[in-house]
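Residue strings, one per chain:
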Protein chains: 2
Amino acid sequence: MPNLRPVLLVTGVLVAALGVAMLVPMTADLLARDPAHRADWTAFATAAILSIFSGGAAAAAAWGPIRALDVRQGFLLTAASWLALVAFGAIPFVLGAFDMTYTDAFFEAMSGLTTTGSTVVSGLDDAPPGFLLWRSMLQWLGGVGVIIMAFAVLPALKIGGMQLFKMEAWDTSEKFIASAAQYSLGLSLIYIFLTALCFVLLWAFGMPSFDALNHALTTLSTGGYSTRDASVGAFLTVGRAPLDLIVTAFMIIGSLPFGILLIAVLRGEWRRLAADSQIRFFLFTIAAATATMAVYVYARFDVDAFTAFRLSAFNVVSVFTGTGYATTDYGAWGAFAVGFFFCIMFVGGCAGSTSCGLKIFRFQVALAAIRLYARRLAHPHGVFVEHYNGRPISDEVFVSVLSFFFIYFASFATLAAALSGFGLDAITALSAAGTAIANVGPGLGPVVGPAGNFASLPDAAKWLMAAGMLLGRLEFFTVLVLLMPDFWRR
Amino acid sequence: MPNLRPVLLVTGVLVAALGVAMLVPMTADLLARDPAHRADWTAFATAAILSIFSGGAAAAAAWGPIRALDVRQGFLLTAASWLALVAFGAIPFVLGAFDMTYTDAFFEAMSGLTTTGSTVVSGLDDAPPGFLLWRSMLQWLGGVGVIIMAFAVLPALKIGGMQLFKMEAWDTSEKFIASAAQYSLGLSLIYIFLTALCFVLLWAFGMPSFDALNHALTTLSTGGYSTRDASVGAFLTVGRAPLDLIVTAFMIIGSLPFGILLIAVLRGEWRRLAADSQIRFFLFTIAAATATMAVYVYARFDVDAFTAFRLSAFNVVSVFTGTGYATTDYGAWGAFAVGFFFCIMFVGGCAGSTSCGLKIFRFQVALAAIRLYARRLAHPHGVFVEHYNGRPISDEVFVSVLSFFFIYFASFATLAAALSGFGLDAITALSAAGTAIANVGPGLGPVVGPAGNFASLPDAAKWLMAAGMLLGRLEFFTVLVLLMPDFWRR
Ligand SMILES: [K+]
Ligand SMILES: [K+]
């Protein structure tokens, strides 16, 4: 049984910090003009007190120096802190304007912190500003958590092939990295800078400042929560600047590996970005997917070429990166589009970004495995090696990555079967399962598609989907390893 | 470039042999009472002459001794012979009673020889006996081809983890195996014996002899072609013996590893069957799946417990093993049933059987990989090994099996996306892709479900599905390896 004191200490500190963060949406409510909106501030005040007190008490009870965390404590801390933050992050939703049940609140908070973006709320356009801001902040905080986790936790824990990125992150010859904390700070600063840049651009091109702030927070985190029921589509009125193109660009930026962005910035080595095989593969596939859908939309609907490109670029990038905004109900684009969106939903962005899904590098490694395997089949006595970013790929990495695919689709199939057990139709069950596991946001079909929401699902389905979101966000093995009896032995 | 002479020679001999086999349905037509049915004999006579002449000419042109086949010739021979047999096996359908286009005929023959069982024909109840018998014979011949391939070809070619079974099949200490030819003969004799037993039982319990023969041929081959539009359900009139229980038993037998059946018979070691981990896992999962569905059917519909069991056992075993018969339209059993049947469609039976799909042992190996991986994560310095049937599983086998899962689902997703590109709805496209790749037969939904057929699909969709069937039946890599430029070098 691993020593739980450090786990409790860090989790307590994080929960208390979340409580402090709740003072921001409280302030936003207090500044609201509408008295009904202003009244919402008490939800955040109460939740902040609860979180600061509970988190502080846990931290105080476990107080003491932490010298080092071993691997098992790393797993426990990751799962426990994520779960605790969701549990406390849900409180303002229960106490606030929409009188949500704890099930709905937990679903919404899990969907927020995991940057999924599935929502049970309709009527966003009239919601108090604190409520909207809290949803966006959960996604933004989840995004920074994921970036730091991808650099500091997953490679050390060797999750799903992430050991490929270990040497890169921890390369001691890179003298400018004084410590992991400094590196984490660097990643956070880049994330903050890019969010600020996105906000300024959206605002400068005509989006109201509050909406611009929220969308900047949920774009860089590839989260997808919006301030409007019609999502980003609500801001695309005639005569306005093409805000969707700005959002498209920043969804792509949010899906790039932040570790490589940081090195590029610190050293001024911008060519490094262009040389990274994951980035190249990502940009190539997303361009190919956009082009395919643009041709389809242009051929099928009565629109000009630029509109076909805009519609395709935004919605394809949104689903591909797992952001989950919509500018239109692409579920109504016909059978091919539905199949296409269903498939790209699983892909995601680069490792080390805020995006979820299978991630680009895993496809590269899997394709390398297939290639290696077919070459060995053709020439049993030949010696073949496959490389990733110039380094040979070991059999251990192949097994890690391919196991990840297996567990990913096994989880997806199990969740889809369970959801269909609640009487959901096939397309709803399949796409809801996919959207949870891949942390995308909207599903497909009339119930959970981009024009619908998840409110009508039975409570048990919401809990299952929340579990799926956590599994997907923590890359499965972080959670599964806790279920192994071996884990708790010795 | 490998030497193609032996490939051409063997393929030619097989095509000529197929031509000889066409004399059987020709005779069946000549014996028919209905003059319209009798007229169908010319289709088989013409096709037989064409096949015997073409195959014989190819064999004669390539005549000469074959000392040994190397690995690349093995791949080419497998793909080329399968394709040639389908191309010639389709001819009687073009010339025969239904005036099929070559696309439809090729689809039907591919679906037959790969033991898929998807059909473009409706009106089976009035079809000439030769036509029905030819469909059944194609499946039966495909079944024996698969059994011999699983023993003689796939392990040597190391396809998708099949090297696990290499030692078992080629174990030289097993003195009773004098040669590969003798072993193949043994496998064929067991297959013939079991088919005969199934025929006798079906006939003895009241199925007309011609129908009993056809269903015996397509049950042991887990093929699923029937002599009736209503499939096996047509024979379950009130007062009749429960023929479905007999068929259920033989679908399970057809999904067992024939190599182990042979050893058990030759040595009288029946305990060997019960000790084999693949057989145990298969029987356990199929029992669990049947029980789940039986409880669901009993709870949901107004039927007694025995009926719920019978309906579930037959249809679950049929889809699970990839046979594809139906006794009722289980697509109308509600959303959970549809999701459930969709998932079990991919599983299949044991390696070395006539069934297709992912196969039981690959799930065992994948689960072992997950377990091994999670244990290594929890204890990075521990040394863990996973076993299959008492032997340690190498990293090479893990990579083979997990690559197989990847290529399986990648092919499935690609085919589903392509089919939805022809305007098929989501459930039709998804289930048609799955049913082709997994060689099951019927899909789900009103178009291609157990109550429908594939006639209405566009021609291009039929060709794509036929390609998917071949890929699935030849375990992907046999075909993919031919597409590697490396394959043709040196
Ligand atoms: K998202
Ligand atoms: K079948």
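In this text, all values refer to a predicted model and were calculated from it rather than measured experimentally.

**As for the nonpolar core**
Thought 1: Met 293 and Phe 341 of chain A together with Met 293 and Phe 341 of chain B are the most contacted members of the largest nonpolar core, which has 327 residues in total.
Thought 2: Those residues in contact with Phe 341 of chain B that lie beyond four places of it in its chain are Met 293, Asn 315, Val 316, Val 319, Tyr 330, Trp 333 and Leu 444 of chain B.

**Considerations on the coordination of the potassium ion (ligand 2)**
Residue and element names in this part refer to chain B.
Thought 1: Around the potassium ion (ligand 2), the donor atoms from the protein are Thr 115 (O), Thr 116 (O), Thr 222 (O), Gly 223 (O), Gly 322 (O), Thr 323 (O), Asn 439 (O) and Val 440 (O), and they sit 2.3 to 2.9 Å away.
Thought 2: Along the chain, the residues that donate to the potassium ion (ligand 2) are spaced as T-T-x105-T-G-x98-G-T-x115-N-V. Of the two residues, Thr 222 is situated in the loop between helix H12 (209-220) and helix H13 (243-254) and Val 440 in the loop between helix H21 (426-437) and helix H22 (445-448); the sequence distance between them amounts to 218 residues. Each of the two residues, Thr 222 as well as Val 440, counts as buried.

**Describing helix H2 (residues 23-30) of chain A**
Residue and element names in this part refer to chain A.
Thought 1: Among the residues making up H2, those that are buried are Pro 25, Met 26, Ala 28 and Asp 29. Looking down the long axis of H2, one finds its buried residues gathered within 160° of arc, a one-sided arrangement.
Thought 2: Those residues of H2 that are buried are in contact with helix H1 (5-21), helix H3 (35-38), helix H4 (41-61) and helix H8 (129-152).

**Section: the pattern of salt bridges**
All names here are of chain A.
Thought 1: Under the definition given, this model contains 14 salt bridges over all chains.
Thought 2: With a closest N to O distance of 2.6 Å, Glu 475 and Lys 359 form a salt bridge. With Glu 475 in the loop between helix H23 (459-473) and helix H24 (477-480) and Lys 359 in the loop between helix H18 (335-344) and helix H19 (360-378), the pair connects residues that are 116 residues apart, well separated along the chain. The same class applies to Glu 475 as to Lys 359, namely buried.
Thought 3: The network of salt bridges with shared partners includes Lys 359, Arg 362 and Glu 475.

**Examining the interface of chain A and chain B**
Thought 1: Taken together, the 54 residues of chain A in the interface contact 54 residues of chain B.
Thought 2: Here chain A and chain B share an interface that buries about 4,200 Å² over both sides, 78% of which is from carbon and sulfur atoms.
Thought 3: The largest share of the area that chain A buries against chain B comes from Tyr 373, Leu 377 and Phe 406 of chain A, three residues that together contribute 17% of it.
Thought 4: Where chain A touches chain B, the interface holds 0 salt bridges.
Thought 5: At the junction of chain A and chain B, the tally comes to 4 residue pairs in polar contact (both at pLDDT 80 or more).
Thought 6: Listed by contribution, the elements that provide at least two residues to the side of chain A that touches chain B are helix H5 (71-89), H18, H19, helix H20 (395-421), helix H21 (426-437) and helix H25 (485-488) of chain A.

**A word on the side chain of Glu 475 of chain A**
All names here are of chain A.
Thought 1: The exposure class of Glu 475 is buried, given its relative accessible area of 2%.
Thought 2: For Glu 475, the side chain forms a polar contact with the side chain of Arg 362, separated by 2.7 Å.
Thought 3: The residues touching Glu 475, leaving out its near neighbours within four places in the chain, are Leu 154, Ile 159, Met 162, Lys 359, Arg 362 and Phe 404.

**Thoughts on a nonpolar patch on the surface**
Residue and element names in this part refer to chain A.
Thought 1: Together, Val 20, Leu 23 and Ile 52 make up an exposed nonpolar region whose accessible area comes to about 220 Å².
Thought 2: Tracing the sequence through the fold places Leu 23 in helix H2.
Thought 3: Looking at Leu 23, the relative accessible area reads 34%, which means it is partly exposed.

**What about the coordination of the potassium ion (ligand 1)?**
Residues and elements named next belong to chain A.
Thought 1: Coordination of the potassium ion (ligand 1) by the protein involves Thr 115 (O), Thr 116 (O), Thr 222 (O), Gly 223 (O), Gly 322 (O), Thr 323 (O), Asn 439 (O) and Val 440 (O), with metal-donor separations of 2.3 to 2.9 Å.
Thought 2: Every donor residue of the potassium ion (ligand 1) comes from the same chain, spaced as T-T-x105-T-G-x98-G-T-x115-N-V. Of this pair, Gly 223 sits in the loop between helix H12 (209-220) and helix H13 (243-254) while Val 440 sits in the loop between H21 and helix H22 (445-448), placing them 217 residues apart in sequence. A single burial state applies to Gly 223 and to Val 440, both of which are buried.

**Remarks on the relation of the copies chain A and chain B**
Thought 1: Mapping chain A onto chain B calls for a screw motion: a turn of 180° about the axis and a shift of 0.0 Å along it, with 0.0 Å RMSD after fitting. Seen this way, the second copy is the image of the first under a two-fold rotation axis.
Thought 2: Looking at chain A, 100% of its interface residues are interface residues in chain B too, so the copies touch through the same face.

**Describing the confidence of the model for chain A**
Thought 1: When pLDDT is averaged along chain A, the result is 86; 95% of the residues meet or exceed 70.
Thought 2: Low pLDDT (under 50) marks residues 167-177 of chain A, which in the prediction has 15 contacts with non-local residues, meaning those over four places away or in another chain.

**Digging into a negative patch on the surface**
Thought 1: Together, Asp 34, Asp 125, Asp 126 and Asp 229 of chain A give the surface a local cluster of negative charge.
Thought 2: Among the secondary structure elements, Asp 229 of chain A is positioned in the loop between H12 and H13.

**Re the packing of aromatic side chains**
Thought 1: Overall, the coordinates contain 60 aromatic pairs over all chains when judged by the stated rule.
Thought 2: Consider the rings of Phe 406 of chain A and Phe 405 of chain B, whose centres lie 4.6 Å apart with planes at 70°: the pair is edge-to-face. Here Phe 405 of chain B lies in helix H20 (residues 395-420) and Phe 406 of chain A lies in helix H20, a pairing that spans two chains.
Thought 3: Phe 405 of chain B gets classed as buried once you look at its relative accessible area, which sits at 4%.
Thought 4: Between the aromatic rings of Trp 333 of chain B and Phe 341 of chain B, the centroid separation amounts to 5.9 Å while the plane-to-plane angle is 55°, which identifies the pairing as tilted. Both residues of the pair, Trp 333 of chain B and Phe 341 of chain B, belong to the buried class.
Thought 5: The residue whose ring lies beneath Arg 135 of chain B is Tyr 225 of chain B, and the NZ or CZ to ring-centre distance is 3.8 Å.
Thought 6: The side chain of Arg 362 of chain B reaches across the aromatic face of Phe 404 of chain B, ending 3.6 Å from its centre.

**Quick look at the environment of Leu 217 of chain A**
Residues and elements named next belong to chain A.
Thought 1: Position of Leu 217 among the secondary structure elements: in helix H12.
Thought 2: The buried category is assigned to Leu 217, whose relative accessible area is 9%.
Thought 3: Between the alpha carbons of Leu 217 and Trp 140 there is a distance of 5.3 Å; along the sequence they are 77 residues apart.
Thought 4: For Leu 217, the contacting residues outside a window of four places in its chain are Leu 133, Ser 136, Met 137, Trp 140 and Thr 195.

**Focus: the UniProt feature "binding site: K(+)" (unreviewed entry) in chain A**
Residue and element names in this part refer to chain A.
Thought 1: As annotated by UniProt and renumbered to match this structure, "binding site: K(+)" (unreviewed entry) occupies Thr 115, Thr 116, Gly 223, Thr 323, Asn 439 and Val 440. What stands out for the annotated residues spanning 326 residues is how close their C-alpha atoms remain, the widest pair being 8.3 Å apart.
Thought 2: Along the chain, Asn 439 turns up in the loop between H21 and H22.
Thought 3: According to the relative accessible area criterion, Asn 439 is buried, its value standing at 1%.
Thought 4: The contacts of Asn 439, once residues within four sequence positions are left out, are Thr 114, Thr 115, Thr 116, Gly 322, Cys 356, Gly 434, Met 469, Gly 472 and Arg 473.
Thought 5: Among the polar contacts listed, one links the side chain of Asn 439 to the side chain of Thr 116, at a separation of 3.3 Å.
Thought 6: Ignoring anything within four residues of it in the chain, the contact list for Val 440 reads Thr 116, Gly 223, Val 319, Gly 322, Thr 323, Gly 324, Met 345 and Thr 435.

**Structural notes on H13 of chain A**
Residue and element names in this part refer to chain A.
Thought 1: When the terminal C-alpha atoms of H13 are compared, their 17 Å separation across 12 residues agrees well with the 16 Å that a helix rising 1.5 Å per residue should span.
Thought 2: Across the 12 residues that make up H13, a large majority, 9, are buried.
Thought 3: Among the residues of H13, Leu 243, Asp 244, Ile 246, Val 247, Thr 248, Phe 250, Met 251, Ile 252 and Gly 254 are the ones counted as buried.
Thought 4: If you follow the buried residues of H13, they end up packed against helix H11 (180-204), H12, helix H14 (258-267), helix H16 (277-300) and helix H17 (305-320).

Analysis parameters
Residues numbered from 1 in each chain as written. Chains lettered and ligands numbered in written order. Predicted model: local features only at pLDDT ≥ 70, side-chain atom pairs only at ≥ 80, totals over all residues. Heavy atoms only, no water. Core = buried A, V, L, I, M, F, W, Y, C linked by side-chain atoms within 4.5 Å. Buried < 20%, exposed > 50% of the residue type's maximum accessible area, 1.4 Å probe, protein only. Contact = heavy atoms within 4.5 Å. Donors = N, O, S within 2.8 Å, 3.2 Å for Na, K, Ca; no water. Helix = DSSP H or I, 4+ residues; strand = E, 2+ residues; numbered from the N terminus. Arc of directions from axis to C-beta. Salt bridge = Lys/Arg side-chain N within 4 Å of Asp/Glu carboxyl O. Buried area = accessible area lost by both parts, 1.4 Å probe. Polar contact = N/O pair within 3.5 Å; in protein donor to acceptor, adjacent residues only side chain to side chain. Patch = residues over 30% accessible without salt bridge, like charges linked within 9 Å, V, L, I, M, F, W, Y side chains within 5 Å. Areas by Shrake-Rupley, 256 points an atom, 1.4 Å probe, with all protein chains shown as cover. Least-squares fit on C-alpha atoms with pLDDT ≥ 70 in both. pLDDT = per-residue confidence, 0-100. Lys, Arg positive; Asp, Glu negative; His and termini not counted. Charge placed at Lys NZ, Arg CZ, Asp CG, Glu CD. Phe/Tyr/Trp six-rings, centres within 6.5 Å; stacked < 30°, edge-to-face > 60°. Lys NZ or Arg CZ within 6 Å of the ring centre and 35° of its normal. UniProt positions renumbered as here; feature names shortened; annotations may be inferred. Expected span 1.5 Å × (residues − 1).

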